[in-house]
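A look at the structure
Below, each chain spelled out in residue letters.
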Amino acid sequence: RYSVVEEWGDIKYIINCQNVPYGLKNDGMVVVGSEYHTEDYPLMKEIYSNTQIALGITEENSIYVIQGEEYCEKKGMLQVEDWKNVKDIAIGKSHTVALLNDGTVVATGRNTYGQCDVEQWNDIVKIYVGNQSTFGINSEGELLMAGIIY
């Protein structure tokens, strides 16, 4: 819900998407620093963004699209509504990746360079993304990569 940024309090985390600040309060409430965003959001555990989209992990461990634009939807980056048991999210230039509670990884979006080819990954504890790449670290500290680095 919209509120003046200077009046925000009890903030756990802040993101910026399309020049709009979003704050995650300690109680899970999402506040927005733009009068044009008046939506009430579900309670969130975490929030994430790149310059084009903002996503959150709800208290039910699913993904909620806080802010997305048509460009990202055309790339398939917002096809996340069926993802459950989400532990972490990473957002690339043209793809979205989630680490699930069971250590597996799912991805959606453009797969031009193989950056979404993570379906065989398991026992992952952390994920990261680059513009056209996805990285995972497994429980043994090994680094896995899909896509390219340039």
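See the structure shown above.
Because the structure is a prediction, the values reported are computed rather than measured.

Each value, and the rule that gives it
- Here the residue numbering is sequential within each chain, running from 1 through the sequence in written order.
- Local features in this predicted model are restricted to residues whose pLDDT is 70 or higher, and side-chain atom pairs enter the listing and the counts only when it is 80 or higher, whereas totals over whole chains, interfaces and linings include all residues.
- Calculated side-chain values reflect all of the structure's heavy atoms, with hydrogen atoms and water omitted.
- Helix numbering and strand numbering both begin at the N terminus, where a helix is a DSSP run of H or I of at least 4 residues and a strand a DSSP run of E of at least 2.
- With the radius of gyration taken over C-alpha atoms, the globule rule is written as 2.2 Å times the number of residues to the power 0.38.
- Here's how the labels work: a residue is buried when its accessible area is under 20% of the maximum for its type, exposed when over 50%, partly exposed in between, all with a 1.4 Å probe on protein chains only.
- Contacts: residue pairs with any heavy atoms within 4.5 Å of one another.
- Charge convention: Lys and Arg are scored as positive, Asp and Glu as negative, and His as well as the terminal groups of each chain are ignored.
- Every charge is mapped onto a representative atom, which is NZ of Lys, CZ of Arg, CG of Asp or CD of Glu.
- Two strands are counted as paired when DSSP detects at least two bridges linking them.
- Angles run from 0 to 180 degrees between N-to-C directions of axes, and those axes are lines fitted to C-alpha atoms, restricted for helices to the stretch in contact.
- As used in this record, nonpolar core signifies buried Ala, Val, Leu, Ile, Met, Phe, Trp, Tyr and Cys residues forming a set joined through side-chain atoms within 4.5 Å.
- Stacked, tilted and edge-to-face are the three classes assigned to paired rings of Phe, Tyr and Trp, where Trp is represented by its six-membered ring and a pair needs centres within 6.5 Å; plane angles under 30 degrees give stacked, over 60 edge-to-face, the rest tilted.
- Throughout this description, the term charge over a ring refers to an Arg CZ or Lys NZ atom that lies within 6 Å of the ring centre and within 35 degrees of the ring normal.

A few words now on the overall build of the chain. Scanning the chain from N- to C-terminus turns up 1 helix and 12 strands. Secondary structure elements of the chain, listed N to C terminal, follow the sequence β-β-β-β-β-β-α-β-β-β-β-β-β. Taken against the 2.2 N^0.38 rule, which gives 15 Å for 150 residues, the C-alpha radius of gyration of the chain at 16 Å falls within 12% of a compact globule. Seen through its C-alpha atoms, the chain measures out along the principal axes to roughly 45 × 30 × 25 Å. Here the chain, with 150 residues, has 46% of them falling under the buried criterion. In the chain, of all internal contacts separated by at least 6 residues, the share reaching a separation of at least 24 is 34%. Charge separation in the chain, taken as the distance between the mean sites of 11 positive and 22 negative side-chain charges, equals 3 Å.

Here we take up the sheet that holds strand β7 (residues 86-91). Across a sheet, strands are paired by hydrogen bonds formed along the backbone, either parallel or antiparallel in direction. Pairing in this open sheet of 3 strands is antiparallel, and the strands run β7-β8-β9 from one edge to the other. Strands at the two margins of the open sheet, each flanked by one partner only, are β7 and β9 (105-109). Strand-to-strand, the axes of this sheet are offset by a mean angle of 20 degrees, without reference to chain direction.

This part covers the nonpolar core. Of all hydrophobic cores here, the largest spans 15 residues; its most connected members are I53, L55, I63, W83, V86, I89 and I91. With 3 residues, the single largest contributor to this core is β7. Filtering out sequence-adjacent residues up to four positions away, W83 remains in contact with N61, S62, I63, T96, V97, A98, V106, A107 and T108. With 12 residues, the next largest nonpolar core counts V20, Y22, L24 and Y41 among its residues.

A separate point is the sheet that holds strand β3 (residues 30-32). Spatially, β1-β2-β3 is the arrangement adopted by the 3 strands of the open sheet, whose pairing is antiparallel. The open sheet is flanked by β1 (11-17) and β3, the only strands paired with a single partner. Here the average twist between neighbouring strands, direction ignored, is 25 degrees. Sheet topology places strand β2 (residues 20-25) next to β3; 3 bridges connect them, and they run antiparallel. Of the residues in β3, the one forming a bridge with G23 is V31.

Take the packing of aromatic side chains next. Taken as a whole and judged by the stated rule, the model has 1 aromatic pair. With a centroid separation of 6.1 Å and 85 degrees between ring planes, the pair formed by Y41 and Y64 is classed as edge-to-face. Of the two residues, Y41 is situated in the loop between β3 and β4 (44-49) and Y64 in strand β6 (residues 63-67); the sequence distance between them amounts to 23 residues. The exposure class of Y41 is buried, given its relative accessible area of 12%. Geometry around Y128 places K126 over its ring, the cationic atom sitting 5.6 Å from the centre.

Quick look at the side chain of S133 now. Note that S133 resides in strand β11 (residues 133-138). Assessed through its relative accessible area of 4%, S133 is described here as buried.

Relative to the assigned elements, G114 resides in the loop between β9 and β10 (124-129). The spacing of G114 and M77 is 37 residues in sequence and 14 Å in space, taken between C-alpha atoms. Beyond its immediate sequence surroundings of up to four residues, G114 is in contact with A146 and G147.

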